[in-house]
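Okay, here's what each chain looks like letter by letter:
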Amino acid sequence: MTILAFHSPKGGAGNTLVTAAIARRAATRGRTVTAFDMTRQNSLKLFFGLLPNQSMSNADGEPMVVRGVRLEGNFTSSREREAAIDRLRTTPPHDLAVVDIASADWEGRERINRFADLSICVIEPNPIGLASLTRLGEETPVTERDDIAIVLNKLDDRRKLSRHCHRFMKELFANQFVGTVRRDESANEAIARFETLVEYAPNSVIISDIDALLDAIELRLGRSASRSDRQTGRTIPTAEHQSA
Ligand SMILES: Nc1ncnc2c1ncn2[C@@H]1O[C@H](COP(=O)(O)OP(=O)(O)O)[C@@H](O)[C@H]1O
Ligand SMILES: [Mg+2]
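Everything numeric in this text was worked out from a predicted model, so none of it was measured.

A word on the overall build of the protein chain. A tally of helices and strands in the protein chain yields 9 helices and 8 strands. Against the globule reference of 18 Å for 244 residues, the protein chain gives a C-alpha radius of gyration of 18 Å, in line with a compact fold. Per-residue burial over the protein chain gives 37% buried out of 244 residues. For the protein chain, the proportion of contacts with a sequence separation of at least 24, taken over those separated by at least 6, is 70%.

The next subject is the pairing of strand 1 (residues 2-7). Looking along a regular strand, one sees side chains alternate from face to face of the sheet. With 6 of 6 residues buried, strand 1 is to be regarded as a mostly interior element. Across the two faces of strand 1 the burial is the same, with Thr 2, Leu 4 and Phe 6 and Ile 3, Ala 5 and His 7 all buried. For strand 1 and strand 5 (residues 96-101), the ladder comprises 6 bridges, and the chain directions are parallel. Within the sheet, the bridge partner assigned to Thr 2 lies in strand 5 and is Leu 96. As defined by bridge partners, strand 1 adjoins strand 6 (residues 118-123) across 4 bridges and the pair is classed as parallel. For Leu 4, the partnering residue across the bridge sits in strand 6 and is Leu 118.

Reading across the sheet, the 8 strands line up as 3-4-2-5-1-6-7-8 and stay open at both edges, with mixed pairing between neighbours. The outermost strands of the open sheet, each flanked by one partner alone, are strand 3 (65-66) and strand 8 (177-182). Looking at chain direction, strand 3 and strand 4 (residues 69-72) are connected through 2 bridges and run antiparallel. Its bridge partner being in strand 4, Val 65 is matched across the sheet by Arg 70. Packing of helix 3 (residues 106-113) onto the sheet brings it into contact with strand 1, strand 5 and strand 6, and relative to strand 5 it is tilted by some 160°.

Looking at the secondary structure, you find Arg 220 in helix 8 (residues 205-232). Leaving out residues up to four positions away in the same chain, Arg 220 has contacts with Leu 118, Ala 149 and Val 178.

Around ligand 1 sit 19 residues, and of these Gly 14, Asn 15, Thr 16, Leu 17 and Ala 187 come closest. Elements that contribute at least two residues to the shell around ligand 1 include exactly helix 1 (15-28), strand 7 (148-155) and helix 6 (186-192). Along the lines of polarity and charge, the residues of the shell around ligand 1 split into 6 nonpolar, 9 polar and 4 charged.

Quick notes on the rules
Residues numbered from 1 in each chain as written. Chains lettered and ligands numbered in written order. Predicted model: local features only at pLDDT ≥ 70, side-chain atom pairs only at ≥ 80, totals over all residues. Helix = DSSP H or I, 4+ residues; strand = E, 2+ residues; numbered from the N terminus. Rg over C-alpha atoms; globule rule 2.2 N^0.38 Å. Buried ≥ 20, exposed ≤ 12 C-beta atoms within 10 Å, placed from the backbone. Contact = placed C-beta atoms within 7 Å. Pairing = 2+ DSSP bridges. Axes fitted to C-alpha atoms, helices over the stretch in contact; angles between N-to-C directions. Near = placed C-beta within 6 Å. Nonpolar A, V, L, I, M, F, W, Y, C, P; charged D, E, K, R; others polar.

Shown next as structure tokens:
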């Protein structure tokens, strides 16, 4: 089982978009994927082409599978939320679970990160994005943490400040950086049409960037698996070994 916990210290950075897109891409690659929306906003489903008032459960109350991804969310009581965290923690072997955690939900972030395989922070390459990262490094600076992976989202390579912030943040967080997703307005156009990006704009740069990001996440997971394996004295092939 693999659990990817997505959290951004700054709302609006694209945490939900990246969570949804990684889930869908992993499903396309043949993984069995469940996406958990732990936010109150409940907007993950919009990135799967569902309507704002559309339920994520079928007539039997079971989570629906939409575009190959099992969707869990709309947890209105703390009891439902706790039950969801239990299901997440007991994700079946070989399955992938991705979790969208609200930026204000620091408690949920801490709890889920205790058992997640990777904590992924989605941030915009701009001064406010950079400033918001200080919140993550209260005890140990972010640059020294190997439990956090950073995704730079909404890069606008036509804008000088965006390009420069991107280059600076990529260098500063060289050990945490896992990928960049470029800005593309088709993301919003797709939602306005209640369509998914893959159907509405199959050639969007976001789709190819997410593909590369998923490769990097898998590589990173392979590396930490082989690291913990060295500690136990066993060896398993990592993605790097397989491609070598
Ligand atoms: N790479 C991108 N290009 C263009 N728009 C984006 C991109 N990523 C996210 N967005 C848009 O930015 C807004 C905030 O994204 P969202 O995923 O809801 O952020 P968060 O979950 O971090 O609050 C949404 O309207 C979304 O469509
Ligand atoms: Mg969100």
